[in-house]
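Commentary on secondary and tertiary structure
The residues making up each chain are set out below.
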Amino acid sequence: MLNSKEKIKKFTSILNKEEASYADSFNSHINIAGGNCDYKFLKKLNSEKDIEYWVDKLKSRIVMHEDDDMRISRTLWVSPSSVIDIIRKLSILLMVCSVKTMTMKGMTL
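Residues numbered from 1 in each chain as written. Predicted model: local features only at pLDDT ≥ 70, side-chain atom pairs only at ≥ 80, totals over all residues. Heavy atoms only, no water.

A closer look at the overall build of the protein chain
The condition that has to hold: Secondary structure follows DSSP: runs of H or I at least 4 residues long count as helices, runs of E at least 2 residues long count as strands, and numbering of each begins at the N terminus. Per-residue accessibility, obtained with a 1.4 Å probe over protein chains only, is compared with the maximum for each type, and a residue is labelled buried under 20%, exposed over 50%, and partly exposed between these values. Computed with the Shrake-Rupley method and a 1.4 Å probe, the accessible areas treat only the protein chains shown as cover for residues.
Within the protein chain, the regular secondary structure consists of 4 helices and 0 strands. Secondary structure elements of the protein chain, listed N to C terminal, follow the sequence α-α-α-α. Each of the 109 residues in the protein chain was classed as buried or not, and the buried ones make up 19%. Of the roughly 8,800 Å² of accessible surface on the protein chain, a fraction of 62% belongs to carbon and sulfur atoms.

Rendered as structure tokens:
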């Protein structure tokens, strides 16, 4: 079993390796996040293999989540002009609803 310093050293050495894939591009972000959390998550990991597996699994989840986001955004893509049109219509609808509510309560503008 590794002590805390050995775990941190192994964790940072994995993340400081030269980038070989797209998933490795997240290494610096993961390293910063680990430091911000005081490496508390390493307490549950007992060996170098556990740490390597944890880092690989995290990077895999990040890439898969990003891929899901891209797939969703391509499916639901709306042009900027459509978004502006939707916002205008919602604004008008909200103003109309506000005026009706104020009128029902006996208020005036």
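Section: the environment of serine 47
Heads up, the condition is: What qualifies as a polar contact is a pair of N or O atoms within 3.5 Å, subject to a donor-acceptor requirement within protein and to the restriction that residues adjacent in sequence count only when both atoms come from side chains.
Along the chain, the position of serine 47 falls in the loop between helix H2 (27-36) and helix H3 (48-75). In this structure serine 47 comes out as partly exposed when scored by relative accessible area, which is 26%. Along the sequence, serine 47 and asparagine 3 sit 44 residues apart, while their C-alpha atoms lie 9.6 Å from each other. Of the polar contacts made by the side chain of serine 47, one reaches the backbone nitrogen of aspartate 50; its length is 3.1 Å.

What about the pattern of salt bridges?
Under the convention used in this document: Any carboxyl oxygen of Asp or Glu that lies within 4 Å of a side-chain nitrogen of Lys or Arg is treated as forming a salt bridge with it.
Summed over all chains, the structure comprises 3 salt bridges. Taking the shortest distance from any N to any O, the salt bridge between lysine 10 and glutamate 52 comes out at 3.0 Å. Placement of the pair is lysine 10 in helix H1 (residues 4-15) and glutamate 52 in helix H3, with a sequence separation of 42 residues. For lysine 10, a relative accessible area of 16% gives the class buried. Shared partners join several salt bridges into a network, and the residues in it are Lys10, Glu48 and Glu52.

Considering the environment of lysine 10
We apply this condition: Contact definition: two residues touch when any of their heavy atoms are within 4.5 Å.
Separated by 37 residues in the primary sequence, lysine 10 and serine 47 place their C-alpha atoms 9.5 Å from one another. With sequence-adjacent residues up to four places away left out, lysine 10 is seen in contact with Glu48, Ile51 and Glu52.

Overview of the confidence of the model for the protein chain
Selection rule: Predictor confidence is given residue by residue as pLDDT, running from a minimum of 0 to a maximum of 100.
This prediction gives the protein chain a mean pLDDT of 78; 62% of its residues lie at or above 70. Within the protein chain, H1 carries the highest mean pLDDT (93), whereas helix H4 (residues 80-104) carries the lowest (64).

Quick notes on H2
Rule in force here: Regarding the arc, it is the one traced by the directions from the helix axis to the C-beta atoms.
Those residues of H2 lying buried are Asn27, Ile30, Asn31 and Gly34. Around the axis of H2, the buried residues are gathered within 100° of arc, so they sit on the same side. Away from its buried face by more than 90 degrees, H2 exposes His29, Ile32 and Asn36. One or two residues past the end of H2 sits aspartate 38, with phi positive at roughly 55°.

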